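# Structural characterization, general
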Amino acid sequence: MGSNGMPRKSCEQFLENAFELLAVAPEKRQLLRSPYRELRFELPLKRDDGSISLYYGYRVQHNQSRGPFKGGLRYHKDVDLEHFVALAEIMTWKTSLLDLPFGGAKGGINCNPHELSSDELETLTKRYTQRMAMLIGPDQDIPAPDMGTRPQEMAWILDAYSHHGGFSPAVVTGKPVELGGAKGRNEATGYGVAIVTALAAEAEDIPLEEATVAIQGIGNVGAYAARFLAEKGAKIVALSDSHCGLYTEQGFDVEGVLQKVARCKEEGGQLSDLNDVFEIISNEELLELDVDILIPAAIGGVICEGNAEKIKARLVVEAANMPITCKADTVLNNQSIKILPDILANAGGVTVSYLEWVQNRQRFQWSRKRTLEELENRLTDAWEAVEQKTREEQLNYRQAAYFIAVERILKAIDLRGF
Ligand code: GLU
């Protein structure tokens with residue numbers, strides 16, 4: 001794990017476990033671990049004030065046995081190639097587990113998007129797309145939003161790509177609805193978190209109507225997960241941003257608190273300014289709360305060796321990518337804490353990305369209702385497959401999810417041959 005929760009490595013153990021269970025031959029293990037292609041390229045940018053800043057663009061394409069590479073673009077000052085290698089691999093397992101006809105990829109730029117003007121971001125994103133134009137495309141590699149990128153960046157990618165490829169909305173997903181984005185894509189990841197949390201809570205005998213939930217992170221994923229879980233009757237008792245958290249024993253009026261936070265931030269304030277209404281807690285304290293369900297929805301590596309023994313939740317739902325380190329995973333398992341792995345818990349985003357890609361290719365936009373129903377069906381199918389596998393093979397949820405995902409990739413490789 002690097003600084004600021006930027007994961008540098010995926011957990012070898014998760015994959016190793018699946019390899020053992022599936023008795024995968026050593027050379028195939030190597031093939032499944034190593035990325036197909038790793039790219040890093042210079043992205044110089046002339047700033048609004050006339051100075052030059054040098055950034056790097058990255059794209060790691062991990063596996064395409066089951067379809068074109070698929071995965072988000074992350075803009076964050078601390079990313080590097082290793083970081084994207086780890087995240088691209090996760091996308092391979094995620095698309096496979098959800099049975100989407102895609103492989104796995106991830107990329108981005110090592111910039112802080114909050115320090116760039118809209119014009120600067122547009123130039124940088126379009127330059128990134130031009131450099132990548134030979135390697136992306138509706139049947140090659142389809143980027144999407146991730147941390148630090150929004151539908152606006154996807155619109156700029158569509159524009160830059162379409163200059164050479166003709167109007168190609170299916171080259172990128174998570175676009176604004178006006179440019180062929182799927183209705184419901186924006187809330188899809190958080191909605192998916194709520195759907196699988198409800199399914200797992202039921203299986204674990206945690207009645208959602210009485211359950212207490214703590215959510216770390218109120219970005220797009222955390223905020224929508226909070227809204228949808230509250231709609232399902234759960235009691236959201238803690239929410240946080242990167243600075244600190246808010247706590248209330250009786251549970252938030254989620255919409256009300258999110259509006260208060262948004263207003264406070266618009267006025268240049270911080271979450272801690274709401275101390276007259278809520279109790280202020282640290283992010284560390286939030287993770288260690290005695291709640292039924294804990295949802296890390298921010299950055300990677302927040303549950304680590306240092307705090308794993310202090311986690312009290314019965315169910316941890318990985319809304320972020322890789323929020324639990326390899327060692328912490330073992331500690332939580334030993335404490336009989338159930339974990340819904342990221343490749344299932346936050347797969348709602350890429351699933352609706354797939355539905356967007358389908359709609360773009362059909363030149364036919366579905367209603368939000370139809371898209372979210374299809375999402376719910378697909379997540380429920382994936383959950384049922386995982387749950388069945390846990391029972392059949394005496395595995396935990398993560399082991400079962402990896403088992404299914406890796407088995408499908410192996411099958412595709414065998415069928416295609418070399
Ligand atoms: N960035 C999201 C993820 O990590 C979505 C990727 C996509 O839609 O392609 O799953």
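Scroll up to find the structure this text is about.
A quick note: this is a predicted structure, and the numbers were derived from the prediction, not measured.

If you roll a probe as big as a water molecule over the atoms, it shows you where there is empty space left. Its boundaries defined by the atoms lining it, the second largest pocket holds a volume of some 300 Å³. Leu-31, Ser-34, Pro-35, Tyr-36, His-62, Asn-63, Gln-64, Ser-65, Ile-413, Arg-416, Gly-417 and Phe-418 are the residues that line the second largest pocket. At the level of elements, β2 (52–63) and α14 (397–416) are the ones that each hand at least two residues to the lining of the second largest pocket. Class assignment for the residues of the lining of the second largest pocket results in five nonpolar, six polar and one charged.

The subject of this paragraph is helix α6 (residues 185–203). In an α-helix, one turn spans 3.6 residues; hence positions three or four apart end up facing the same way. Relative to the 27 Å expected for 19 residues at 1.5 Å per residue, α6 spans 27 Å between its end C-alpha atoms, a close match to the ideal helical length. The largest bend along α6 measures about 30° and falls at Tyr-191. Just beyond α6, the residue with positive phi is Asp-205, at close to 60°.

Okay, the side chain of Gln-216 next. Locating Gln-216 in the fold gives a position in strand β6 (residues 212–216). Look at Gln-216 and you get buried, because its relative accessible area is 6%. For Gln-216, the residues in contact, after removing those within four places along its chain, are Ser-240, Asn-283, Leu-286, Leu-287, Ile-295, Pro-296, Ala-297, Ala-298 and Val-302.

With ten bridges joining them, strand β1 (residues 37–46) and β2 adopt antiparallel strand pairing. Residue pairing for β2: Leu-45 is matched across the bridge by Ser-53.

Applying the stated criterion to the full structure yields twelve aromatic pairs. Relative to Phe-69, the ring of Tyr-36 has its centre 5.5 Å away and its plane inclined at 45°; by these criteria the two rings are tilted. Residue Tyr-36 is found in the loop between α2 (26–33) and β1, and its partner Phe-69 is found in strand β3 (residues 69–75); the two are separated by 33 residues along the sequence. Among the residues examined, Tyr-36 registers a relative accessible area of 51% and is labelled exposed. With a centroid separation of 5.4 Å and 45° between ring planes, the pair formed by Phe-41 and Tyr-128 is classed as tilted.

With that settled, the discussion passes to the site of the ligand. The environment of the ligand is formed by 14 residues, the closest being Lys-70, Lys-94, Lys-106, Asp-146 and Ser-353. A distance of 2.7 Å separates an oxygen atom of the ligand from a polar side-chain atom of Lys-70. Between Asp-146 and the ligand, the recorded distance is 2.7 Å, taken from a side-chain N or O atom to a nitrogen atom. A total of 290 Å² of accessible area belongs to the ligand in isolation, and the protein chains cover 95% of it. Only β3, α3 (81–97), β5 (141–145) and α12 (348–362) provide two or more residues apiece to the shell around the ligand. A breakdown of the residues in the shell around the ligand according to their chemical character gives four nonpolar, five polar and five charged.

Across a sheet, strands are paired by hydrogen bonds formed along the backbone, either parallel or antiparallel in direction. Read from one edge to the other, the open sheet built from five strands follows the order β1-β2-β4-β3-β5, with strand pairing classed as mixed. In the strand order of this sheet, the two ends are held by β1 and β5, each with one partner. When strand polarity is set aside, the average angle formed by the axes of neighbouring strands in this sheet is 20°. Relative to strand β4 (residues 104–109), β2 runs antiparallel, the two sharing six bridges. Note that in β4 the partner of Val-60 across the bridge is Lys-106.

Formed by 91 residues in total, the largest nonpolar core has its most connected members in Trp-93, Leu-97, Ile-293, Ile-295, Leu-340 and Val-406. Of all the elements, α14 adds the most residues to this core, at eleven residues. Leu-97 has contacts with Ile-343, Leu-344, Ala-382, Val-386, Ala-401, Ile-404, Ala-405 and Arg-408, leaving out every residue within four places of it along the chain.

Once that is clear, we can look at the side chain of Lys-175. By secondary structure assignment, the location of Lys-175 is in the loop between α5 (151–165) and α6. Residue classification places Lys-175 among the buried residues on the basis of a relative accessible area of 3%. In this structure the side chain of Lys-175 is engaged in a polar contact, spanning 2.8 Å, whose partner is the backbone oxygen of Pro-169. Discounting residues that sit within four places of it in the chain, Lys-175 has contacts with Pro-151, Met-154, Leu-158, Pro-169, Gly-180, Gly-181, Glu-356 and Asn-360.

Definitions and cut-offs
- Residues numbered from 1 in each chain as written.
- Predicted model: local features only at pLDDT ≥ 70, side-chain atom pairs only at ≥ 80, totals over all residues.
- Heavy atoms only, no water.
- 1 Å grid on protein atoms, 1.4 Å probe; cavity = no way out; pocket = protein on both sides within 12 Å on 5 of 7 lines; lining within 4 Å.
- Points joined across faces, edges and corners; volume = space filled by probe spheres on them.
- Helix = DSSP H or I, 4+ residues; strand = E, 2+ residues; numbered from the N terminus.
- Nonpolar A, V, L, I, M, F, W, Y, C, P; charged D, E, K, R; others polar.
- Expected span 1.5 Å × (residues − 1).
- Bend = angle between axes of the 7 residues up to and from the residue.
- Buried < 20%, exposed > 50% of the residue type's maximum accessible area, 1.4 Å probe, protein only.
- Contact = heavy atoms within 4.5 Å.
- Pairing = 2+ DSSP bridges.
- Phe/Tyr/Trp six-rings, centres within 6.5 Å; stacked < 30°, edge-to-face > 60°.
- Near = heavy atom within 4 Å.
- Polar contact = N/O pair within 3.5 Å; in protein donor to acceptor, adjacent residues only side chain to side chain.
- Areas by Shrake-Rupley, 256 points an atom, 1.4 Å probe, with all protein chains shown as cover.
- Axes fitted to C-alpha atoms, helices over the stretch in contact; angles between N-to-C directions.
- Core = buried A, V, L, I, M, F, W, Y, C linked by side-chain atoms within 4.5 Å.

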